[in-house]
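Survey of secondary and tertiary structure
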Amino acid sequence: MRKHVGFLLGTVAGACLTLLVASPQGAHLFAVANAAAHSDSSNTYSQLNLFGEVFEKVKTDYVEKPEDSKLVEGAINGMISSLDPHSRYMNEKGWAEMQETTHGEFGGLGIEVTMEDGFVKVVAPIDDTPASRAGIMSGDVITSIDDDDQIQGMTLDQAVNKMKGAPNSSIRLKIVRKDADKPIEVSITREIIRVRPVKYHVEGGDIGYIRITSFNEQTTEGLRKAIGDVQKQVPQDKLAGYVVDLRNNPGGLLDQAVSVTATLMQRGEVVSTRGRNPEETQRFTAHGGDMTKGKPLVVLINGGSASASEIVAGALHDHKRATLIGTRSFGKGSVQTIIPLGTGNGALALTTARYFTPSGHSIQALGIKPDIEVLQDVPDEFKTRSEIKGEASMRGHLSAEGAEQTGSQSYVPPDEKNDKALAAAFNQLRGVTVNADAKNADTKAAQKRPVPN
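It is worth spelling out the overall build of the protein at this point. When you go through the protein residue by residue, the secondary structure sums to 10 helices and 20 strands. Of the contacts formed within the protein by residues at least 6 apart in sequence, a portion of 67% connects residues at least 24 apart. For the protein, the exposed surface amounts to about 23500 Å²; the carbon and sulfur share of it is 53%.

In structure tokens form, the structure reads like this:
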């Protein structure tokens, strides 16, 4: 990282020197640039002096003697939280726990959460975990942990750390739901959460259904196993295609999004990332790995499909490798780079770039729009929380390149027979024409055509 920064500074200095030698106008520009840089630097040092003064005042005059390390960590958290919702500082413990999560195994409840208006909000419970079995739902707001009423003052990491713990230990949560008259109290027993990111089965003897719930270090391996097992169960000439279900998948690791996409298409760009400077642009590509042997794909997305899910869906769509069915995705199109800060100092998750699909479409605060929109029939008791507001509604989010899109349905019926998007996907693969123009894309009177191979 330091070598890279040094190279960039050297390049800038060289350009300025070239400009200075080239002409008197260049010399003037260089002098102005130097003056502006000196002014900015002086202002920065003045602000740092102000911080030092406040730090010393707190240390010497606060009613109780504070810990220096806590003051510094609080200052860092305040600085990072002023940037965007996804940049954050992790102390040593938080950094270790994040590494556990990306490995796919940790102790806790099994929920994806975010911070909203000072409270912890559930993005989605992870399948087959204590949280999902206890009835925790997307959109629930956690206001209290073990009767601690101070959760509103916690950082997201602090709240997550309180919810994690030893297996078989219990935790009490107080939850607010929009359609509930009063807060709901739930007692949950923690377990070792082994996130199995891929689940699959053969549907009707001719379709491979594959659900990807997250993108951790096990995801691509799980996908390859799923495709291999489907191919063992269904002869190639009988296999109509695959449904890849990314609904309510909050994302995860970028390299897994790239390798998952590379498993499903032959070759081509998967995603590009563009930072502050043009030279920081990176492109990630797939090379000859389509394990499905060109079989048709349908990808299911909804308002809870975010980040890595949107990368996969966007790439497969732009390369005309898959049909997207469902509702508009979340719109989380920014890159967080993990920067370790040295032994004992934790790490920084810093937003450093935006994602773009192969066609150049920015995901940020826009999301991925499906080819065929299918709205679910939502039971009355879930109607007030069946829609996720999306990235565009998050305070401090990076602006979109275009008109921002907010709100998208995220409800998935627990019983497959009531799942209209899934039914539309099966019909699409079996050669049933789906009415793409209807706002609620019911499977209309089926018009048969030959099943593609």
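Once that is clear, we can look at the sheet that holds strand β4 (residues 119–125). Backbone-to-backbone hydrogen bonds pair the strands of a sheet. The strands run either parallel or antiparallel. Spatial strand order, β3-β4-β5-β6-β7: 5 strands in an open sheet with antiparallel pairing. Single-partner strands in this sheet number two, and they are β3 (111–116) and β7 (184–189). Here the average twist between neighbouring strands, direction ignored, is 40 degrees.

This brings us to the side chain of threonine 219. Checked against the element boundaries, threonine 219 lands in helix α7 (residues 219–233). Polar side-chain contacts of threonine 219 include one of 2.9 Å to the backbone nitrogen of asparagine 216.

At a closest axis distance of 9 Å, the pairing of α7 and helix α8 (residues 254–264) adopts a crossing angle of 20 degrees. In terms of orientation, α7 and α8 fall into the roughly parallel class. Relative to α8, α7 is oriented so that their crossing is right-handed. Along its contact with α7, which presents Thr219, Thr220, Leu223, Arg224 and Ile227, the element α8 presents Gln256, Ser259, Val260, Thr263 and Leu264. Of the residues contributing to the contact of α7 with α8, the split by class is 4 nonpolar, 5 polar and 1 charged.

What follows deals with the nonpolar core. Judged by nonpolar contacts, the single largest core of 38 residues is most densely connected at Ile210, Ile212, Leu264, Val270, Val299 and Leu316. In terms of residue count, helix α9 (residues 308–318) provides more of this core than any other element does, 6 residues in total. Discounting residues that sit within four places of it in the chain, leucine 264 has contacts with Leu223, Ile227, Val244, Asp290, Thr292, Leu297, Leu316 and Arg321. One finds Ile111, Val122, Ala159 and Ile175 within the second-largest nonpolar core, a separate group that totals 18 residues.

Take α8 next. Among the 11 residues in α8, 9 count as buried, and that is most of the element. Within α8, burial applies to Gln256, Ala257, Val258, Ser259, Val260, Thr261, Ala262, Thr263 and Leu264.

Overall, mixed pairing links the 6 strands, which are arranged β9-β10-β11-β14-β15-β18 in an open sheet. Looking at which strands have only one partner, the edges of the open sheet turn out to be β9 (198–203) and β18 (372–373). Pairing geometry for strand β14 (residues 297–301) and strand β15 (residues 322–326), over 5 bridges, is parallel. Bridge pairing in β15 places isoleucine 301 opposite glycine 326.

A word on the pattern of salt bridges. A complete count under the given rule lists 14 salt bridges for this structure. Put simply, lysine 225 and aspartate 229 hold a salt bridge, and the shortest N to O gap is 2.8 Å. With lysine 225 and aspartate 229 both in helix α7, this residue pair falls 4 residues apart, about one helical turn. The salt bridge partner of aspartate 419 is arginine 247, with a shortest N-O separation of 2.8 Å. Taken as a pair, aspartate 419 in the loop between β20 (408–409) and α10 (420–429) and arginine 247 in the loop between β11 (241–245) and α8 lie far apart in primary sequence, 172 residues in all. Comparing aspartate 419 with arginine 247 shows no difference in burial state: the two are buried.

Before going further, it helps to examine unusual backbone geometry. The backbone of lysine 293 shows a phi angle near 60 degrees, a positive value even though the residue is not glycine. Summarising the element assignment, lysine 293 is placed in the loop between β13 (282–287) and β14. Phi angles above zero are rare outside glycine, and lysine 320 is one such case at about 55 degrees. Tracing the sequence through the fold places lysine 320 in the loop between α9 and β15.

Moving on, we come to the pairing of β15. A regular strand places its side chains on the two faces of the sheet in alternate fashion. β15 sits mainly inside the fold: 4 of its 5 residues count as buried. Considered for its hand, the β-α-β crossover made up of β14, α9 and β15 is right-handed. Direction of pairing for β15 relative to β18: parallel, over a ladder of 2 bridges. Directly across from glycine 326, in β18, lies its bridge partner glutamate 373.

We now examine the environment of aspartate 377. Tracing the backbone through its elements, the reader meets aspartate 377 in the loop between β18 and β19 (387–388). The exposure class assigned to aspartate 377 is exposed, which follows from its relative accessible area of 53%. Remark: the alpha-carbon pair of aspartate 377 and asparagine 418, spanning 41 residues in sequence, is separated by 8.1 Å.

This part is about helix α4 (residues 92–103). With 12 residues, α4 should reach 16 Å at 1.5 Å per residue; the first-to-last C-alpha distance of 17 Å fits that figure. Looking only at α4, the buried set comprises Gly94, Trp95, Glu97 and Thr102. Projection of α4 onto a plane perpendicular to its axis shows the buried side chains occupying an angular sector of 165 degrees, all on one side. As for α4, its buried residues are in contact with β1 (88–90), α6 (156–163), β16 (334–340) and β17 (347–356).

The rules we used
Along each chain, numbering runs from 1 in the same order as the chain's sequence is written. Restriction of local features to residues with pLDDT of at least 70 applies here, the model being predicted, together with a cutoff of 80 or more for giving and counting side-chain atom pairs; totals for whole chains, interfaces and linings are based on all residues. With hydrogens and water excluded, all non-hydrogen atoms of the structure serve as input to the side-chain values. For helices the rule is a DSSP run of H or I covering at least 4 residues; for strands it is a run of E covering at least 2, with both sets numbered from the N terminus onward. Contact criterion: two residues are considered in contact whenever any of their non-hydrogen atoms come within 4.5 Å of each other. Surface accessibility in these figures is a Shrake-Rupley result with a 1.4 Å probe; residues are shielded only by whichever protein chains are displayed. Two strands make a pair as long as DSSP finds a minimum of two bridges between them. In this analysis an axis means a line fitted to C-alpha atoms, helices contributing only their contacting stretch, and an angle means the value between N-to-C directions, from 0 to 180 degrees. By the criterion applied in these results, polar contacts are pairs of N or O atoms within 3.5 Å in which, for protein atoms, one can donate a hydrogen and the other can accept it, and in which residues neighboring in sequence qualify only through two side-chain atoms. We call two directions roughly parallel when the angle between them is under 35 degrees, roughly antiparallel when it is over 145, roughly perpendicular when it lies between 65 and 115, and oblique otherwise. Handedness of each helix crossing follows the sense of rotation of the near helix against the far helix: counterclockwise by less than a right angle gives left-handed, clockwise gives right-handed. When residues are sorted by character, Ala, Val, Leu, Ile, Met, Phe, Trp, Tyr, Cys and Pro go into the nonpolar class, Asp, Glu, Lys and Arg into the charged class, and all the rest, Gly among them, into the polar class. We define the nonpolar core as a collection of buried residues of types Ala, Val, Leu, Ile, Met, Phe, Trp, Tyr and Cys that are connected through side-chain atoms lying within 4.5 Å of one another. Only protein chains enter the accessibility calculation, which uses a 1.4 Å probe; a residue whose area is less than 20% of its type maximum is buried, one above 50% is exposed, and one in between is partly exposed. Salt bridge, as used here, is a side-chain nitrogen of Lys or Arg placed within 4 Å of a carboxyl oxygen of Asp or Glu. With strands facing away from the observer, any crossover in which the path from the first strand over the helix to the second runs clockwise is taken as right-handed. For a helix, the expected span equals 1.5 Å multiplied by the number of residues minus one. Here the arc refers to the directions that run from the helix axis out to each C-beta atom.

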